[in-house]
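Per-entry structural report
Now for the letters of each chain:
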Amino acid sequence: MSEIGSDDLKAMVLAIAARIADSRERLNRLDAALGDGDHGASISGAFELAASEVADLPDPKPSEIWLTTAQSLMNGMGGASGALFGTLFLKGGAAIRGKERLVKADLNQLWAASLAGVKARGKAEIGDKTMVDALEPAVLAFAANDNIADAWAAAAEAASNGAESTRALIARQGRAKYLGERGIGHQDPGATTIALMFEALDNYWREMTNGKA
Ligand code: ADP
Ligand code: MG
């Protein structure tokens, strides 16, 4: 398996939605400690909408699946992070416009565009205790591996480590900024969502290629 088609991308959005739905309460609790406690409810609701909209697309190109997800996330959740998660999929979808199937280099471009979009929109850098602390290492780890299966696994591990690294940080963006040092010891919910996303993508890939590789 070295190419990704629309059926895979559809299934990937559904897999992300399911993993985030499972983690709704945990994400709410993380956001209760650092923000306003709504992250789990809003991101799981928005991904549920995305999953149903994507499942309904009759014969989509890869970019349409990502752009539909972006639209659902922007419509389905408010706040800073709806726009940021929407941007992630919007820029990723724009980067693969016109393609029927994606090879590894296309996926590298997709993730590079997603990361650049989130950073441009939110102005957060590594170390600011946001989703960027999970997304940037995941995108770099993905690009550093030529084999797609290795790339998903490395990205999932990097995202998880990045999310955990936020525990020690003082927030410089988002609501958690107002807590200052009192936020130390709490893991960032948006970074945790990114880690769950890459975990779901890695799991999907492993299950799908199991026995076929
Ligand atoms: P809100 O803060 O509007 O309630 P959520 O609770 O859904 O939104 O999401 C909070 C998450 O958004 C944070 O955990 C953080 O990862 C992310 N976030 C907030 N501001 C920024 C930013 N400027 N850049 C990147 N990510 C951000
Ligand atoms: Mg919140």
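Computed from a prediction, not measured in an experiment: that's the story for all the values here.

Attention now goes to the overall build of the chain. Looking only at helices and strands, the chain has nine helices and zero strands in total. Counting from the amino terminus, the chain carries its helices and strands in the arrangement α-α-α-α-α-α-α-α-α. Its C-alpha atoms give the chain a radius of gyration of 16 Å, near enough to 17 Å, the size a compact globule of 213 residues would have. Summarising its shape, the C-alpha atoms of the chain cover approximately 50 × 35 × 30 Å along the three principal directions.

Next up on the list: the coordination of the magnesium ion (ligand 2). Within the first shell, the magnesium ion (ligand 2) binds the protein through Asp-31 (OD), Asp-36 (OD) and Asp-38 (OD), at distances of 2.0 to 2.2 Å. A relative accessible area of 8% means that Asp-31 is categorised as buried.

Moving on, we get to unusual backbone geometry. If you check the backbone angles, Lys-123 has positive phi at about 60 degrees while not being a glycine. Structurally, Lys-123 can be placed in the loop between α6 (104-122) and α7 (132-143). Its identity is not glycine, yet Lys-129 carries a phi of approximately 65 degrees, on the positive side. Considering the arrangement of structural elements, one finds Lys-129 in the loop between α6 and α7. The buried category is assigned to Lys-129, whose relative accessible area is 1%.

Bringing the site of ligand 1 into the picture now. Surrounding ligand 1, one finds 21 residues, the nearest of these being His-39, Ser-81, Gly-122, Asp-188 and Gly-190. Within the side chain of Asp-36, an N or O atom sits 3.1 Å from an oxygen atom of ligand 1. In the complex, 93% of the free accessible area of ligand 1, which totals 570 Å², lies under the protein chains. The biggest single contributor to the shell around ligand 1 is helix α5 (residues 79-95), with four residues. A class-by-class count of the residues in the shell around ligand 1 yields seven nonpolar, nine polar and five charged.

Where charged atoms from two side chains of opposite charge come close, those side chains can pair. Applying the stated criterion across every chain, the model contains ten salt bridges. Residue Glu-25 is joined to Arg-24 by a salt bridge in which the shortest nitrogen-to-oxygen separation is 3.1 Å. Here Arg-24 falls in the partly exposed class, since its relative accessible area comes to 34%. Salt bridges linked by common partners bring Lys-119, Glu-125 and Glu-136 together as one network.

Contact geometry of helix α4 (residues 62-76) with α5 gives a least axis separation of 8 Å together with a crossing angle of 165 degrees. With respect to α5, the axis of α4 lies roughly antiparallel. The two elements α4 and α5 meet at a crossing, and its hand is left-handed. Contacts from Ser-63, Trp-66, Leu-67, Thr-69, Ala-70, Leu-73 and Met-74 in α4 reach Gly-82, Ala-83, Phe-85, Gly-86, Thr-87, Phe-89, Leu-90, Gly-92, Gly-93 and Ala-94 in α5. When its residues are assigned to classes, the contact of α4 with α5 shows ten nonpolar, seven polar and no charged.

Here we take up α7. Compared with the 16 Å implied by 1.5 Å per residue over twelve residues, the 16 Å span of α7 between its first and last C-alpha is a close match. The elements touched by buried residues of α7 are α5, α6, α8 (148-165) and α9 (189-209).

Here we take up the nonpolar core. It is characteristic of soluble globular proteins that their nonpolar side chains tend to be buried jointly. Judged by nonpolar contacts, the single largest core of 58 residues is most densely connected at Phe-47, Leu-88, Phe-89, Trp-111, Trp-152, Ile-194 and Phe-198. With eleven residues, α9 is the largest single contributor of residues to this core. Excluding its chain neighbours within four sequence positions, the residues that come into contact with Phe-198 are Trp-111, Leu-135, Ala-138, Trp-152, Ala-155, Ala-156 and Ala-159.

This part covers the packing of aromatic side chains. Scanning the model with the defined rule gives five aromatic pairs in all. Note on Trp-111 and Trp-152: the rings are 6.4 Å apart at their centroids and 90 degrees apart in plane angle, and the pair reads as edge-to-face. Taken together, the residues span a long stretch of sequence, with Trp-111 in helix α6 and Trp-152 in helix α8 at a distance of 41 residues. Each member of the pair Trp-111 and Trp-152 is classed as buried.

Analysis parameters
Residues numbered from 1 in each chain as written. Chains lettered and ligands numbered in written order. Predicted model: local features only at pLDDT ≥ 70, side-chain atom pairs only at ≥ 80, totals over all residues. Heavy atoms only, no water. Helix = DSSP H or I, 4+ residues; strand = E, 2+ residues; numbered from the N terminus. Rg over C-alpha atoms; globule rule 2.2 N^0.38 Å. Donors = N, O, S within 2.8 Å, 3.2 Å for Na, K, Ca; no water. Buried < 20%, exposed > 50% of the residue type's maximum accessible area, 1.4 Å probe, protein only. Near = heavy atom within 4 Å. Polar contact = N/O pair within 3.5 Å; in protein donor to acceptor, adjacent residues only side chain to side chain. Areas by Shrake-Rupley, 256 points an atom, 1.4 Å probe, with all protein chains shown as cover. Nonpolar A, V, L, I, M, F, W, Y, C, P; charged D, E, K, R; others polar. Salt bridge = Lys/Arg side-chain N within 4 Å of Asp/Glu carboxyl O. Axes fitted to C-alpha atoms, helices over the stretch in contact; angles between N-to-C directions. Parallel < 35°, antiparallel > 145°, perpendicular 65-115°, else oblique. Left-handed = near helix turned anticlockwise from the far one by under 90°. Contact = heavy atoms within 4.5 Å. Expected span 1.5 Å × (residues − 1). Core = buried A, V, L, I, M, F, W, Y, C linked by side-chain atoms within 4.5 Å. Phe/Tyr/Trp six-rings, centres within 6.5 Å; stacked < 30°, edge-to-face > 60°.

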